[in-house]
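As a plain string of letters, each chain reads:
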Amino acid sequence: MEDIQNQMLEINSPTQLKASARNSLTGHYSFLISILLTVGIISFLFYILVYPLTPFVSLIIHLFSFHICRIYLMTFSGEKATIKDLFIGNPDRAKEMQAGYAACILTLIQFLCMLPSNILSLNANSSSVMFLLYCITLTVGMAVFCYIYLCLFPIYYLVSDCPAETITETIRMAVFISKGHRFRLFYLIASFLPLLLLSLLSFGIGLLWVIPYMQATLTHYYLNLTASKSN
């Protein structure tokens, strides 16, 4: 892991991060696409079966996200990752517990951010004023959650990559690492919007290429971030 972090010190721009991510994906695309399809199918089935329990679906998705980030870290550092890692998570039970706690925290934050708009959505069609209030609360809720996500983004990787013993320490470390780089992350994510929109023209088939590419770029962004913070 240290070798790849040292390499990431020389990479700064989004273009360089994307180029590095494309190089890392060579020879791994089929495996990472299988990960994407597995998570997509399971999440879809959970959504259908437990639709009234939307927070539970969010919890499952967040937990899968932690496992996916660990798989990408393993893959790019030369470790052997398999589809089983998506389900068993980290063999270090303490770190896997941290991932579970973090998934619960993120799910709760997401639920609270969207709660006002979810309540107003019940009567959004009753009047133009209610619809306007719904739109405002939805926009504000999404903006707040997006900012919190930008602050806590490193936590998806830190739960398996850092020596912190408690989830509180991991959260503090995530906030510290992301400080001063949140707009950079926002810009990096936004730069994928054209590719995501173009993927819709292929009836979503293009997402099989775009999403692993995007996830790989975010992984390289994390490695670049931690490398720069440690020097």
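Look up a bit, the structure's there.
Computed from a predicted model, the values in this text were never measured in an experiment.

Draft legend 1. Representation of the environment of Leu-197 in the model. In this fold, Leu-197 is placed in helix H11 (residues 193–201). For the pair Leu-197 and Leu-25, spaced 172 residues apart in sequence, the C-alpha to C-alpha distance is 22 Å.

Draft legend 2. Representation of the side chain of Asn-224. Counting through the fold element by element, Asn-224 comes out in helix H12 (residues 207–229). Looking at Asn-224, its side chain comes within polar contact range of the side chain of Arg-184, at 2.7 Å.

Draft legend 3. Region of interest: helix H6 (residues 93–120). In this model, H6 (28 residues) spans 41 Å end to end at C-alpha, consistent with the 40 Å of a helix rising 1.5 Å per residue. The sharpest bend along H6 reaches about 45° and sits at Met-114, with the proline Pro-116 one to four residues further on.

Draft legend 4. Quick look at the nonpolar core. The biggest cluster of nonpolar side chains holds 30 residues, and the ones touching the most others in it are Phe-66, Phe-153, Ile-155, Tyr-156, Tyr-157, Tyr-221 and Tyr-222. Counting only elements with at least two residues in this core, the list comes to helix H4 (54–76), H6, helix H7 (128–152), helix H8 (155–161), helix H9 (167–178), helix H10 (182–190) and H12. By residue number, the principal contributor to this core is H6, which donates six residues. Residues within four places of Phe-66 in sequence aside, it is in contact with Ala-99, Ala-102, Ala-103, Leu-106, Ile-155, Tyr-156 and Val-159. Counting 19 residues, the second-largest nonpolar core is a separate cluster that includes Ile-35, Val-39, Ile-42 and Met-74.

Draft legend 5. Just the side chain of Thr-107, in detail. Tracing the sequence through the fold places Thr-107 in helix H6. Residue classification places Thr-107 among the buried positions, given a relative accessible area of 9%. Not counting the four nearest positions on each side in its chain, Thr-107 is found in contact with Pro-55, Ser-58, Leu-59 and His-62.

Draft legend 6. Layout of the environment of Phe-64. Here Phe-64 lies in helix H4. In this structure Phe-64 comes out as buried when scored by relative accessible area, which is 9%. With 114 residues separating them in the primary sequence, Phe-64 and Ser-178 have C-alpha atoms 22 Å apart. The residues touching Phe-64, leaving out its near neighbours within four places in the chain, are Val-39, Ile-42, Leu-86 and Phe-87.

Parameters and conventions
Residues numbered from 1 in each chain as written. Predicted model: local features only at pLDDT ≥ 70, side-chain atom pairs only at ≥ 80, totals over all residues. Heavy atoms only, no water. Helix = DSSP H or I, 4+ residues; strand = E, 2+ residues; numbered from the N terminus. Polar contact = N/O pair within 3.5 Å; in protein donor to acceptor, adjacent residues only side chain to side chain. Expected span 1.5 Å × (residues − 1). Bend = angle between axes of the 7 residues up to and from the residue. Core = buried A, V, L, I, M, F, W, Y, C linked by side-chain atoms within 4.5 Å. Buried < 20%, exposed > 50% of the residue type's maximum accessible area, 1.4 Å probe, protein only. Contact = heavy atoms within 4.5 Å.

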